[in-house]
Amino acid sequence: MSDLEQLTQALARNLKRWRGERGFTLDALAARAGVSRGMIIQIEQARTNPSVGTTVKLADALGVSITTLLDHDRGPQARVVMPGQGVRMWSNGEGSEAHMLLGDDRRGPVEMWTYRLEAGDGTASDPHPVGTFEMLHVTEGELTLDLADDRYVVPAGGAVSFEADLPHVYRNEGTVPMLMTMAVSIPPVQGAGGRPS
């Protein structure tokens, strides 16, 4: 089985599991996530490989990390991700890409990512649920962060943190690649029964 097939199967299994644990019907999850009922059915039947944006919306609606949705085998207490073994979640033909390195749901979902944006490239993110918090550390180049109507420039070695419930865009307006590490903390979601999950 290829890596893509393994991820598709894991996503199908985990989406069904977490939807059941939260007590969400297909229609309830579709409404929470802003994803069509038909798309959720296709994902749960492992008939499609959804976009990163769709996967993020589903994870946010369920209150779990993307890693949890894609994880095919929860391992021991320590999890080591070797260079090049993160899950590539986004890329384009210009060389820009994002990799999910780690994620955990024990204290509310937390994710760790790496991003590479080529010169002149950028990527937009929809607002996350209220209470979502991002921390970015730029390791090479310079990040321009648009957060709603505000713009922040973060040079190599610098960091920025922000509430991510507003539209935001990561851009590289420089002439060299921009590399950053990002941590995302997502608030726990309450299930359909109203109990903290």
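For clarity, every value in this text was computed on a predicted model and none was experimentally measured.

(A) Highlighting the confidence of the model for the chain. Here the chain averages 84 in pLDDT, while 87% of its residues score no lower than 70. The spread of mean pLDDT over the elements of the chain runs between strand β2 (residues 97-104), the lowest at 75, and strand β9 (residues 168-171), the highest at 96. Per-residue pLDDT stays below 50 along residues 192-197; that stretch engages in 11 contacts with residues further than four places along the chain or on separate chains.

(B) Just the nonpolar core, in detail. Core analysis: the largest hydrophobic core is formed by 41 residues, its most contacted members being Leu 58, Trp 113, Leu 143 and Tyr 170. Discounting residues that sit within four places of it in the chain, Leu 143 has contacts with Leu 136, Val 138, Tyr 152, Val 153, Val 154, Tyr 170, Arg 171, Met 178 and Met 180.

(C) Quick look at the pattern of salt bridges. Per the counting criterion, the structure on display carries 9 salt bridges. Close ionic contact of Arg 151 with Asp 146 constitutes a salt bridge, the shortest N to O distance being 3.2 Å. Since its relative accessible area comes to 15%, Asp 146 is described here as buried. Of the charged contacts in the structure, one is a salt bridge between Glu 173 and Arg 151, with a shortest N-O distance of 3.7 Å. Taken together, the residues span a long stretch of sequence, with Glu 173 in the loop between β9 and β10 (178-185) and Arg 151 in strand β7 (residues 150-155) at a distance of 22 residues.

(D) Just the sheet that holds strand β6 (residues 142-147), in detail. Taking strand neighbours across the sheet as the criterion, the 4 strands line up as β4-β9-β6-β7 in an open arrangement whose pairing is antiparallel. Strands at the two margins of the open sheet, each flanked by one partner only, are β4 (122-125) and β7. When the angles between neighbouring strand axes are averaged without regard to direction, this sheet yields 15°. Pairing analysis gives 4 bridges linking β6 to β9, with the strands arranged antiparallel. Bridge assignment links Thr 144 to a residue of β9, and that residue is Arg 171.

(E) Up close: the packing of aromatic side chains. Evaluation of the coordinates by the stated rule reveals 2 aromatic pairs. Through pairs of rings, three or more aromatic residues link up here, namely Trp 113, Tyr 115 and Tyr 170.

Conventions adopted
Residues numbered from 1 in each chain as written. Predicted model: local features only at pLDDT ≥ 70, side-chain atom pairs only at ≥ 80, totals over all residues. Heavy atoms only, no water. pLDDT = per-residue confidence, 0-100. Helix = DSSP H or I, 4+ residues; strand = E, 2+ residues; numbered from the N terminus. Contact = heavy atoms within 4.5 Å. Core = buried A, V, L, I, M, F, W, Y, C linked by side-chain atoms within 4.5 Å. Buried < 20%, exposed > 50% of the residue type's maximum accessible area, 1.4 Å probe, protein only. Salt bridge = Lys/Arg side-chain N within 4 Å of Asp/Glu carboxyl O. Pairing = 2+ DSSP bridges. Axes fitted to C-alpha atoms, helices over the stretch in contact; angles between N-to-C directions. Phe/Tyr/Trp six-rings, centres within 6.5 Å; stacked < 30°, edge-to-face > 60°.

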